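Now for the letters of each chain:
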Amino acid sequence: MTFHELRTGTGTPVVLLHAFPLDHRMWLDVADALEGRTVLAVDLPGSAGSPPDRPEPSVDAAADRLAAQLDAAGVGHAVVAGLSMGGYVALALAERRPDLVAALGLVDTKSTADTDDARANRLRIAAEADEQGTVAPVRPMAQTLLGASTRNARPELQEQVAQWIEEQPPAGVAWSQRAMAARPDRTDVLAAFAGPAVVVVGAEDTLTPLDQAEHMAAAASAPLVVVPAAGHLSALERPAAVAAALDELVGRTDAGLNAG
Ligand code: MLT
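Residues numbered from 1 in each chain as written. Predicted model: local features only at pLDDT ≥ 70, side-chain atom pairs only at ≥ 80, totals over all residues. Heavy atoms only, no water.

## Some thoughts on the side chain of K110
Along the polypeptide, K110 turns up in the loop between β5 (101-107) and α4 (116-132). The buried charged residue K110 lacks any salt bridge, with D114 as its nearest oppositely charged partner at 4.5 Å. Beyond its immediate chain neighbours, meaning those up to four positions away, K110 contacts Y88, L91, R183, L207, T208, Q212 and M216. (Helix = DSSP H or I, 4+ residues; strand = E, 2+ residues; numbered from the N terminus. Buried < 20%, exposed > 50% of the residue type's maximum accessible area, 1.4 Å probe, protein only. Lys, Arg positive; Asp, Glu negative; His and termini not counted. Salt bridge = Lys/Arg side-chain N within 4 Å of Asp/Glu carboxyl O. Contact = heavy atoms within 4.5 Å.)

Structure representation (structure tokens):
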């Protein structure tokens, strides 16, 4: 797992966890907008930029790698923000190493497990990626990750996402799908989480839509930010809005820490 220090500043550091099938680059514009903050991002196991010595597929394994990386870097606690798959890893980290998680940013993600159909679909895609040795089974995600407004008005962004998908290792795509298929419902972890949180969702997100965001916001008693004209990749489509939500979360975190 590679650590990228995208920005240095003050306050509790922000750690950004990316979506599938992408890598830390999807967060670069959000990091740019988080002026004055310390911002780190990782390439999760299975993505380009992470060494291919992948353990048994699970988001718990990804969370354990992240914990080891944070420990090695001396980051005692962080505002952990994950988009979609990154959110699954963030919740796993909150369960396994709550000491590291000062606050949770849950962006276009969900705390529930897969349905049986969704799980079967992931395992089929994993098998295809392995057999074909290509990312062809996830190429269509360059469209589905983005909202209709972005697809219509910003073809260059869709091109960028397609390019990033193309650069992911097929065996890593298979690993990540199997890892996500195995994850449990972590709504109880979210409900028990002691720190501040924010839930963010693109208004046009069809993969983890508004009802999933409302479910998390209710469980965490956290504010819900709906980003207009954005789909599942709100952080890429509307980075200023997502950065503002995370900046507000860092502010709340630091106020709590200072008061405590
Ligand atoms: C992602 O954006 O990380 C994926 O859509 C997550 C998923 O497949 O559940």
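## Focus: the site of the ligand
By nearness alone, every residue bordering the ligand is listed as A19, F20, S84, M85, Y88, R122, M141, L145, M180 and H232. In the environment of the ligand, an oxygen atom lies 2.9 Å from a nitrogen or oxygen atom belonging to the side chain of S84. Contacts to the ligand include M85, whose backbone N or O atom sits 2.9 Å from an oxygen atom. Protein burial of the ligand: of its 270 Å² of free accessible surface, 91% is covered by the chains. Counted by class, the shell around the ligand contains seven nonpolar, two polar and one charged residues. (Near = heavy atom within 4 Å. Polar contact = N/O pair within 3.5 Å; in protein donor to acceptor, adjacent residues only side chain to side chain. Areas by Shrake-Rupley, 256 points an atom, 1.4 Å probe, with all protein chains shown as cover. Nonpolar A, V, L, I, M, F, W, Y, C, P; charged D, E, K, R; others polar.)

## Some words on the pattern of salt bridges
The final tally for this structure, using the stated rule, is 17 salt bridges. With a shortest N-O distance of 2.7 Å, R96 and D64 are connected by a salt bridge. Here the residue R96 occupies a position in helix α3 (residues 85-96), and D64 occupies one in helix α2 (residues 59-73), the gap between them amounting to 32 residues. Here D114 makes a salt bridge to R183, at a shortest N to O gap of 2.8 Å. With D114 in the loop between β5 and α4 and R183 in the loop between α8 (170-181) and α9 (187-192), the pair connects residues that are 69 residues apart, well separated along the chain. Accessibility classification places D114 together with R183 in one group, the buried group.

## A short note on the environment of R54
Tracing the backbone shows R54 in the loop between β3 (37-43) and α2. Those residues in contact with R54, other than ones at most four positions away along the chain, are P45, G46, A171, G172 and W175.

## Quick look at unusual backbone geometry
If a residue is not glycine, its phi is most likely negative; likewise, a peptide bond is most likely trans. Of the consecutive residues F20 and P21, the connecting peptide bond is found in the cis state with omega at 0°. Note that P21 resides in the loop between β2 (10-17) and α1 (28-33). Here A229, not a glycine, exhibits a phi torsion of approximately 55°, which is positive. Within the secondary structure layout, A229 lies in the loop between β7 (224-227) and α11 (234-237). Judged by relative accessible area, which is 25%, A229 ranks as partly exposed.

## What to know about the nonpolar core
The biggest cluster of nonpolar side chains holds 84 residues, and the ones touching the most others in it are W27 and L233. With eight residues, α3 is the largest single contributor of residues to this core. Residues within four places of W27 in sequence aside, it is in contact with L16, L17, H18, A81, G82, L83, V107, A235, V242 and L246. (Core = buried A, V, L, I, M, F, W, Y, C linked by side-chain atoms within 4.5 Å.)

## A word on α8
Taking 1.5 Å of rise per residue, the 12 residues of α8 would be expected to cover 16 Å, and the 17 Å separating its terminal C-alpha atoms lies within 8% of that figure. Most of α8 is tucked away, with nine of its 12 residues classed as buried. Among the residues of α8, G172, V173, A174, W175, S176, Q177, A179, M180 and A181 are the ones counted as buried. Of the surrounding elements, those touching the buried residues of α8 are α2, α3 and α4. (Expected span 1.5 Å × (residues − 1).)

## Things to note about the packing of α4 against α8
In the contact formed by α4 and α8, the axes pass within 8 Å of each other and the chain directions differ by 160°. Compared by their axis directions, α4 and α8 come out roughly antiparallel. Of the two possible hands of crossing, α4 and α8 adopt the one that is left-handed. In contact with R119, R122, L123, I125, A126, A127, A129 and D130 of α4, α8 contributes P170, A171, V173, A174, Q177, R178, M180 and A181. Class assignment of the residues belonging to the contact of α4 with α8 gives a composition of 11 nonpolar, one polar and four charged. (Axes fitted to C-alpha atoms, helices over the stretch in contact; angles between N-to-C directions. Parallel < 35°, antiparallel > 145°, perpendicular 65-115°, else oblique. Left-handed = near helix turned anticlockwise from the far one by under 90°.)

## Here we look at helix α7 (residues 155-166)
With 12 residues, α7 extends 17 Å between its outermost C-alpha atoms, agreeing within 8% with the 16 Å of an ideal straight helix rising 1.5 Å per residue. The inward-facing, buried residues of α7 contact α5 (141-144), α6 (148-153) and α11.

## Describing the packing of α2 against α3
At a closest axis distance of 8 Å, the pairing of α2 and α3 adopts a crossing angle of 70°. With respect to α3, the element α2 is oriented roughly perpendicular. Note that α2 runs across α3; the crossing there is right-handed. Contacts between α2 and α3 pair V59, D60, A62, A63, D64, L66, A67 and L70 from the former with Y88, V89, A92, L93 and R96 from the latter. For the contact of α2 with α3, the class distribution of residues is 10 nonpolar, no polar and three charged.

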